[in-house]
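Tertiary structure, described
Read off the chains here:
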Amino acid sequence: MIDHVLGKPSVKSRRLQVLAVLTFWSFYLFKGNRHGPPLVRRLSKISSRALTTWQTVVFTMMYLYAARNFSTLVGLASPEPMANMYDAKYFRATWVLTALDAGFWTAMKIKRKWIRDIASLVFSVFYLAAAERADEKVRKVRGALTVDHLRVSWNKGTTPYLRALQNLMRPRFTRWPPRAIRIPRPSTSDYKEPVSGWLYFDGPISDLEHVNGMILDVPGGGFVAMDPRCNDDKLFAWTGKTGLPVLSLDYKKAPEFPYPYALNECFDVYTTIIRSKGRCIGMSGTETPKVVVTGDSAGGNLATAMTLMIIESTISRRQASIQTELPEPVGLVLLYPGLDMNIGNWMSDEQMSLIKDRRMRVTNKDYLRRKSMQYNDLVGTPHQSDDEDDEPVGLAPGAKTSKLDIDVVDSGLRSPQPEYSHANRQTWAKSQQPPTSISNQGTKSISHRPEPMRTRLAMASMISYFNDRVLTPEMMRAMIILYVGPHNRPDFSQDYLLSPILAPDILLQKFPKTYFLTGERDPLVDDTVIFAGRLRRVKQAFHSQRSSQGMRGLKDVTDFDEKDVAEVVLIPGISHGFTQFPSLYPPAWKLIDRCARWAMDLLHTAEAQAKSEERRLSQRHHVRNESSGDEDRPLEINMTKMRSRTISDEAKAKSRNSEHEDDESGSNKPDSSSKKKNANGMTGFGHNSKSFVKLDSSDDLLGRRMQGLAGPLTGAHDED
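Residues numbered from 1 in each chain as written. Predicted model: local features only at pLDDT ≥ 70, side-chain atom pairs only at ≥ 80, totals over all residues. Heavy atoms only, no water.

**Focus on the pattern of salt bridges**
Going by this rule: For salt bridges, the criterion is a side-chain nitrogen of Lys or Arg within 4 Å of an Asp or Glu carboxyl oxygen. When a residue's accessible area, from a 1.4 Å probe over protein chains only, is under 20% of the maximum for its type it is buried; when over 50% it is exposed; and in between it is partly exposed.
Within the structure shown, the criterion is met by 19 salt bridges. In this structure, the salt-bridge partner of R229 is D232, at a minimum N-O distance of 3.0 Å. Given a relative accessible area of 17%, R229 falls into the buried group. By relative accessible area, which is 3% here, D232 ends up buried.

**Things to note about unusual backbone geometry**
Cut-off, in case you're wondering: Note on conventions: DSSP H or I runs of at least 4 residues are helices, E runs of at least 2 residues are strands, and numbering of each starts at the N terminus.
The omega torsion across A254 and P255 is 0°, close enough to zero to call that bond cis. By the element assignment, P255 lies in the loop between β4 (246-249) and α12 (261-275). Here the amide bond leading from Y259 into P260 is cis, since omega sits at 10°, within 30 degrees of zero. With respect to the helices and strands, the residue P260 is situated in the loop between β4 and α12.

**A few points about the side chain of T307**
Condition: Counting of polar contacts relies on pairs of N or O atoms within 3.5 Å, with two restrictions inside protein: one atom must be capable of donating a hydrogen and the other of accepting it, and residues adjacent in sequence are counted only when both atoms are side-chain atoms. Residue contacts are defined here by distance: any two heavy atoms, one from each residue, within 4.5 Å place the two residues in contact.
Relative to the helices and strands, T307 resides in helix α13 (residues 298-319). A polar side-chain atom of T307 sits 2.9 Å from the main-chain carbonyl oxygen of A303. Not counting residues up to four positions away in its chain, the partners in contact with T307 are P329, L332, F511 and P512.

**Focus on the side chain of T579**
One can find T579 in the loop between β8 (566-571) and α23 (588-625). Of the polar contacts made by the side chain of T579, one reaches the side chain of Y336; its length is 2.6 Å. The residues touching T579, leaving out its near neighbours within four places in the chain, are K234, L335, Y336, A588 and I592.

**Digging into a nonpolar patch on the surface**
Formally: Each patch is built from residues that are more than 30% exposed by relative accessible area and take part in no salt bridge. Like charges join if they lie within 9 Å; nonpolar side chains (Val, Leu, Ile, Met, Phe, Trp, Tyr) join within 5 Å. Using a 1.4 Å probe, the Shrake-Rupley method yields the accessible areas, and only the shown protein chains count as cover for residues.
On the surface, W114, I115, I118, V122, F123 and Y161 cluster together into a nonpolar patch covering about 570 Å² of accessible area. In terms of residue count, helix α7 (residues 113-129) provides more of the nonpolar patch than any other element does, 5 residues in total. As for its placement among the helices and strands, I115 is situated in helix α7. For I115, a relative accessible area of 32% corresponds to the partly exposed category.

**Points about α12**
Put simply, the test is: A helix's residues, less one, multiplied by 1.5 Å, set its expected span.
Look at α12: 21 Å from first C-alpha to last across 15 residues, which is about the 21 Å you get at 1.5 Å a residue. Most of α12 sits out of view: 14 of its 15 residues are buried. Trailing α12 by a residue or two, K277 shows a phi angle of about 55°, which is positive.

**Notes on the packing of helix α6 (residues 88-107) against helix α9 (residues 147-154)**
Put simply, the test is: Orientation is described by lines fitted to C-alpha atoms, with helices fitted over the stretch in contact, and by angles between N-to-C directions that extend from 0 to 180 degrees. Relative orientations are named as follows: roughly parallel for angles under 35 degrees, roughly antiparallel for angles over 145 degrees, roughly perpendicular for angles from 65 to 115 degrees, and oblique for any other angle. With the far helix as reference, a near helix turned anticlockwise by less than a right angle produces a left-handed crossing, and one turned clockwise produces a right-handed crossing. Gly counts as polar in this scheme, as do all residues outside two lists: the nonpolar Ala, Val, Leu, Ile, Met, Phe, Trp, Tyr, Cys and Pro, and the charged Asp, Glu, Lys and Arg.
Relative orientation of the contacting elements α6 and α9 amounts to 130°, with a least axis distance of 9 Å. When the axis of α6 is compared with that of α9, the two are oblique. For the pair α6 and α9, the sense of crossing is right-handed. Between α6 and α9, the residues in contact are D101, F104 and W105 and H149, V152 and S153, respectively. Residues belonging to the contact of α6 with α9 are distributed by class as follows: 3 nonpolar, 2 polar and 1 charged.

**Section: the nonpolar core**
To be explicit about the condition: Throughout this description, the term nonpolar core refers to a set of buried Ala, Val, Leu, Ile, Met, Phe, Trp, Tyr and Cys residues connected via side-chain atoms within 4.5 Å.
The biggest cluster of nonpolar side chains holds 130 residues, and the ones touching the most others in it are L150, L216, W238, L247, L302, M306 and L517. Here L302 is in contact with V218, F223, Y251, A262, L263, C266 and Y483, once residues within four sequence places are set aside.

**Points about helix α8 (residues 131-143)**
Between its first and last C-alpha atoms α8 spans 18 Å; for 13 residues at 1.5 Å apiece the expected length is 18 Å, and the two agree. Buried residues in α8 make contact with α6, α7, α9 and α20 (473-484).

**What about the sheet that holds strand β2 (residues 195-200)?**
Condition: One bridge is not enough; two strands pair if DSSP finds at least two bridges between them.
Judged by pairing direction, the sheet is mixed, and its 8 strands sit side by side in the order β1-β2-β4-β3-β5-β6-β7-β8 without closing on themselves. In this open sheet, the two strands that pair with only one neighbour each are β1 (179-183) and β8. Across this sheet, the average inter-strand angle for adjacent strands is 20°, counted without regard to direction. Across 3 bridges, strand β3 (residues 213-218) lies against β4 in parallel orientation.

Here's what the structure looks like:
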């Protein structure tokens, strides 16, 4: 109470208050009457006749407990915000996590490590019983977060006692422990220090020579904490289920290494794997390995941005006519990724149109219902119907798809716009025209009028779930500030490597298939739904555009399968980070297995596509070899004409005489010329032609054809 009276709440004033109270009562116990003040002595004398000492203590504790919960007993308690937030299993997991956070934060200032580790567990056990005290402790710490608090909280799984408990509770997936590994940087990188990582593989390194697929994992941790060993449960399960090597990167963390250092590390590792053909981790190096990229939370941001860098480098190399392209990953598996670093409040019309896409109604039904009911829940109005806001305002009944769909198809692929982020718009939109409707109506009013509603007003998920027990806005704010660093000032509405949700359409056209796995109550769920919606929309527009141009090898637009672009799974009743504590949340094991199946599906699809491409190329080569002599005849005539321009007049005369003799002999012996033509597949003129002798190969039909066409233009001729 003293700090409130002084008007300056602080830990120091509360400590002084506690010390003052303890000092006063300690002094009274030693110097005052041993039976207490007169009134207390009288009550004690009366109660001792009817109650024992034990009963008196129990009644006192009951009275104190009832007094503390008086508002709950009489029905005056405040509503519980967590009542309908999570399902029962996930809520129990967050209860344990909150107690662990409170306990570890309480003991974090103890200097001796062995004492700190033991004290952390002791305090955690206390906070398991005192759950409300744990919530209060965590709430206050998160209000004044530092990087040390984040690292203590997220790295607690690496402490010896919790790690031992985790190893006991984890099923045994592999016989081999993970191996520390260092990946060298490519020669094109600006950095020279190798990148650290952990290789999970159930077998000796020599067995990697027979493997041509792998999983490249980028772990999360808010860019500031959590090495791969914090994800042992997930990584052991993946390598045990798939039999593939899993390389998890231990990238440098902020704030010591701010953006974009970690992103460059991920890109350099992928480049080294591809250029070394897997030799950097023990593969044979005979063929380029197929890589599935995975990432969770902040790792999902880095994995997505890394893929955009790969696509960007490939496009730039093609424009520069550089042959050494960097192939894209065969696919991505993103777990609750954070793809928008610009925390905002309100959902834009563009974002809501992506969420309310009819084709995603089944997946987004419950998620969209909660979005649309935010206003109704506040004012207590009846629930809306399921078909509310189906038709955009301004479209006649029976109209086709939404306006945004039509715009995308008609105008082709769009450039990156900040409306897909939660950022405020920096430029005027085309639809914002001067209000000419007022003058048309003949009125003189200049009052501001609300615009017609296109989508129901909805809050962003980061603000809707601000009281999340795992990821709060304070934590997001701290992570972004630490990741960006003190010397960077990025454009949050344009930097798509910082916020991949802003990626331009030209990069999303080439983006590989992606699986998303996110909890419906996750503060980052908007990032998943919006980015997946953008992928589908851009790829469908690109497919429609190429199909309308009659590109060969493409099916009709009606055959476009959205599952070949992205698949989103939203788990009801859970929030963030569920794959990091499957020991506390057992249903996470099934979700981890699902991710392993997704990785295998991506690799099998890539192998099938590669075999199909090989068959197509072999068929084309076979058809090229079986081309008839009719294609060769005009080629020889062109090449002979090219050389006939360069020979001397004397040679021309000789050639005319020889041709005249050949004609006479041919007229007298028609059978001989026909036999010669049949034997060689060409005329006697072509057989005696000097041009045919200079050809290195009879298979390279296209090369000969281009030589015959380019020769007259360049004046090239054979040397004698």
